[in-house]
Amino acid sequence: MNVIEVEGLTKYYGNFLAVDHIDFEVKKGEIFGFLGPNGAGKTTTIRMLTGILRPSEGKIRIFDMNLREKMLDIKERMGIVPEMANPYIDLTALQNLMLVGRLYGMKKGEIKERCVELLRLFGLYEKKDKKVRSFSKGLKQRLSLAMALLPDPVLLFLDEPTSGLDVMSARLIKRVIREENRKGKTIFMSTHNMADANELCSRIAIINHGRLVAIDTPEKLKKIGERHTVIELSLEPFKFDAERITSADRIELLGDKVKIYTRDADSVIKEIVDYAKKEDLKILSLTTEKPSLEDVFVYLVGDKSE
Ligand SMILES: Nc1ncnc2c1ncn2[C@@H]1O[C@H](COP(=O)(O)OP(=O)(O)O)[C@@H](O)[C@H]1O
Ligand SMILES: [Mg+2]
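Below is a short write-up of the structure. Values in this document were obtained by computation on a predicted structure and should not be read as measured data. (Residues numbered from 1 in each chain as written. Chains lettered and ligands numbered in written order. Predicted model: local features only at pLDDT ≥ 70, side-chain atom pairs only at ≥ 80, totals over all residues. Heavy atoms only, no water.)

Digging into the sheet that holds strand β12 (residues 250–254)
Read from one edge of the open sheet, four strands run β12-β13-β11-β14, paired in antiparallel fashion. Taken across any chain shown, the strands that pair with only one partner, and hence form the sheet edges, are β12 and β14 (282–289). Between one strand axis and the next, the sheet turns through 20 degrees on average, direction left out of account. Taken together, the five bridges between β12 and strand β13 (residues 257–262) define a ladder with antiparallel strand orientation. (Pairing = 2+ DSSP bridges. Helix = DSSP H or I, 4+ residues; strand = E, 2+ residues; numbered from the N terminus. Axes fitted to C-alpha atoms, helices over the stretch in contact; angles between N-to-C directions.)

In structure tokens form, the structure reads like this:
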């Protein structure tokens, strides 16, 4: 069963096309990763899926209902952790949680119990009576996730949940995401971190410049890479003309090294040898590797040469 269905979803900011006719589905019980570099359109998409931003075009169905028609019914069952942690800084951690419970119309006893449980889970119990103003980014993000989980939503949206956090907070948050998923929650999370996506997600959609460039399991995405080879080259003296390597799909210059992505390693290596001979350059090293998931990501979102 699909929890989210999106068709032709599009967002213009003025004339600028931030999200460009994207289609995808999120199945019940998945951790669905929305992976892309900064400015790709991740936050814009999440804001549309959570009813904060109105799409310019396209359809959103959540729990098999039209989001625009059933906004309240749907929003009651979703939790949101926005890009910027959203607790009130003049309230304490506990007060923020209690407020969420009241907003959701939960019973007093039930709120108390749930607050204590969540404060403990997120290592915030000792700090429950401290104003959020004094919290680090990591603590604010933990509280933000605790607030989203308080009403026990069946669908959770997380916008870059571990971005810029200390190691402890990031690990704690990843553990909770995994546990909540195991308990049955469907999770939609955006990230620009390949390793997090690989570690947590059952499927990954890769977005770049507002367009989806791939949707698949991390394993299958790695398979896309298997048709490619990454060649690393170092020359002395260092001199490199990308135009001369015509069989490359993508070339990256990394200091005094060159990284070449190709589906035809044999031709690229012959071109390198020719080039080095003609220019009288010494080949210091030349290695070939199968791409990692990160290489696939770079390959899918990158330009041919930059
Ligand atoms: N309110 C806005 N007005 C105009 N442009 C925006 C606005 N919000 C985001 N953008 C632009 O839309 C693009 C996508 O932004 P965003 O969805 O925040 O990307 P991401 O979350 O993937 O980093 C970026 O180029 C960004 O500058
Ligand atoms: Mg963002």
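Back to the text.
Brief notes about the environment of lysine 259
Position of lysine 259 relative to the elements: it lies in strand β13. C-alpha of lysine 259 to C-alpha of alanine 248: the two residues are 11 residues apart in sequence and 9.9 Å apart in space. Polar side-chain contacts of lysine 259 include one of 3.3 Å to the side chain of aspartate 295. (Polar contact = N/O pair within 3.5 Å; in protein donor to acceptor, adjacent residues only side chain to side chain.)

Quick look at the packing of aromatic side chains
Tallied over the entire structure, the rule returns seven aromatic pairs. Ring geometry for phenylalanine 32 and phenylalanine 188: centres 5.6 Å apart, planes at 25 degrees, overall stacked. Here phenylalanine 32, found in strand β3 (residues 31–35), pairs with phenylalanine 188, found in strand β8 (residues 186–191); they are 156 residues apart in sequence, far enough to count as distant. Phenylalanine 188 matches phenylalanine 32 in its accessibility class, with the two residues each being buried. When the ring of phenylalanine 34 is compared with that of phenylalanine 188, the centres are 5.2 Å apart and the planes differ by 40 degrees; the resulting orientation is tilted. Of this pair, phenylalanine 34 sits in strand β3 while phenylalanine 188 sits in strand β8, and the two are 154 residues apart along the sequence. Residue classification places phenylalanine 34 among the buried positions, given a relative accessible area of 0%. These aromatic residues form a ring-pair network of at least three members: Phe24, Phe32, Phe34, Phe157 and Phe188. Against the face of phenylalanine 63 rests arginine 77, its NZ or CZ located 4.0 Å from the ring centre. Between the NZ or CZ atom of lysine 128 and the centre of the ring of tyrosine 125, over which it lies, the distance is 4.8 Å. (Phe/Tyr/Trp six-rings, centres within 6.5 Å; stacked < 30°, edge-to-face > 60°. Buried < 20%, exposed > 50% of the residue type's maximum accessible area, 1.4 Å probe, protein only. Lys NZ or Arg CZ within 6 Å of the ring centre and 35° of its normal.)

Observations concerning the site of ligand 1
Residues in contact with ligand 1, as listed here, are Tyr13, Phe16, Ala18, Pro37, Asn38, Gly39, Ala40, Gly41, Lys42, Thr43 and Thr44. At 3.0 Å, a backbone N or O of glycine 41 approaches an oxygen atom of ligand 1. In the environment of ligand 1, an oxygen atom lies 2.8 Å from a nitrogen or oxygen atom belonging to the backbone of lysine 42. If ligand 1 stood free it would expose 560 Å²; the protein chains cover 60% of that surface. (Near = heavy atom within 4 Å. Areas by Shrake-Rupley, 256 points an atom, 1.4 Å probe, with all protein chains shown as cover.)

Things to note about the pattern of salt bridges
All told, the structure shown has 21 salt bridges when counted by the stated rule. Residues glutamate 252 and arginine 250 are paired through a salt bridge, measuring 3.5 Å at the closest nitrogen-oxygen approach. Using a relative accessible area of 14% as the deciding quantity, one classes glutamate 252 as buried. Here lysine 270 ties to aspartate 266 by a salt bridge, and the two come within 3.0 Å at their closest N and O atoms. (Salt bridge = Lys/Arg side-chain N within 4 Å of Asp/Glu carboxyl O.)

Points about the sheet that holds strand β10 (residues 211–216)
Strands sit in the order β6-β7-β8-β3-β9-β10 across an open sheet of six strands; the sheet is mixed. Edge positions in the sheet fall to β6 (78–81) and β10, since each of these pairs with one other strand and no more. Neighbour-to-neighbour, the strand axes of the sheet open up by a mean angle of 15 degrees, direction not taken into account. Direction of pairing for strand β9 (residues 203–208) relative to β10: antiparallel, over a ladder of five bridges. Bridge pairing in β10 places isoleucine 204 opposite aspartate 216. Packing against the sheet, helix α5 (residues 137–149) makes contact with β6 and β7 (155–159), and its axis sits at approximately 170 degrees to β6. The sheet strands contacting helix α10 (residues 293–301) are β3, β9 and β10, and the helix crosses β9 at an angle near 35 degrees. (Contact = heavy atoms within 4.5 Å.)

It is worth stressing that arrangement in space is one thing and function is another; only the former is reported here.
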